[in-house]
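Residue-level listing of the chains:
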Amino acid sequence: MTFSASLNGGIATIVVNGINSTANLRIEGAANLGDQLLALLTDPSTAPVDNAPSYQAYPTDSGIRITTTYGHIDLPWRWVHSIGTTLAA
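The residue count restarts for each chain, going from 1 along the sequence in the order it is written. Thresholds applied to this predicted model are a pLDDT of at least 70 for local features of residues and 80 or more for the giving and counting of side-chain atom pairs; totals over whole chains, interfaces and linings are not thresholded and use all residues. In computing side-chain properties, one takes all heavy atoms of the structure into account and sets aside hydrogens as well as water.

S.K.: Tell me about helix H1 (residues 33-42), and please be specific about residues and values.
M.R.: Residue pairs three or four apart in sequence face the same way in an α-helix, which turns once every 3.6 residues. Taken together, the buried positions of H1 are occupied by Leu33, Gly34, Gln36, Leu37 and Leu40. For H1, the angular spread of the buried residues around the axis is 165°, confining them to a single face. Each residue is placed in one exposure class: buried if its accessible area under a 1.4 Å probe, protein chains only, is under 20% of its type's maximum, exposed if it is over 50%, and partly exposed if it falls in between. Here a strand is any run of E in DSSP of at least two residues, a helix any run of H or I of at least four, and the numbering for each starts at the N terminus. For this quantity, the arc is that covered by the directions from the helix axis to the C-beta atoms.

S.K.: With reference to specific residues and values, describe the packing of aromatic side chains.
M.R.: Ring pairs are drawn from Phe, Tyr and Trp, using the six-membered ring of Trp, whenever the two centres fall within 6.5 Å, and their geometry is named by plane angle: stacked under 30 degrees, edge-to-face over 60, tilted for the rest. Here the structure, examined in full by the defined rule, presents one aromatic pair. Between Phe3 and Trp79, the ring centres sit 5.6 Å apart and the planes meet at 50°, which makes this aromatic pair tilted. Note that Phe3 is positioned in strand S1 (residues 2-8) and Trp79 in helix H2 (residues 77-88), a separation of 76 residues in sequence.

S.K.: Before we move on, can you summarise the packing of H1 against H2 with the specific residues and values?
M.R.: When two helices pack together, their arrangement is given by the angle between the helix axes and the distance between those axes. Running from N to C, H1 and H2 cross one another at 150°; their axes reach a closest spacing of 7 Å. The two elements H1 and H2 meet at a crossing, and its hand is left-handed. Packed against H1, whose contacting residues are Leu33, Gly34, Asp35, Leu37, Leu38, Leu40 and Leu41, the element H2 presents Trp77, Val80, His81, Ile83, Gly84, Thr85, Leu87 and Ala88 at the interface. For the contact of H1 with H2, the residue count by class is 10 nonpolar, four polar and one charged. Note on definitions: angles span 0 to 180 degrees between N-to-C directions of axes, and those axes are lines fitted to C-alpha atoms, for helices only across the stretch in contact. Each crossing is labelled by how the near helix is turned from the far one, with a counterclockwise turn of less than a right angle marking it left-handed and a clockwise turn marking it right-handed. Throughout, a residue-residue contact means that at least one pair of heavy atoms, one from each residue, lies within 4.5 Å. For this scheme, ten residues count as nonpolar: Ala, Val, Leu, Ile, Met, Phe, Trp, Tyr, Cys and Pro. Four count as charged, namely Asp, Glu, Lys and Arg, and the remainder, Gly too, count as polar.

Written out as structure tokens, the structure is:
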């Protein structure tokens, strides 16, 4: 699996490419999501991000789960830095 992200006007899109599938999650109000992901990576005990109703982000055993009204995506720990850096740029 590979992950990529983009930020356009405060709306982030995270794309997951699997062997036979592609999925994406649109995250509104995500201007600070990159910095928030990097903070959770640095210290997983940081309080979960709750930007309701736009999105929530919180650590799991395997990474960070980002939840919106459209669904959720589980971002593995090894991808958090690159996605966080991309969205923070």
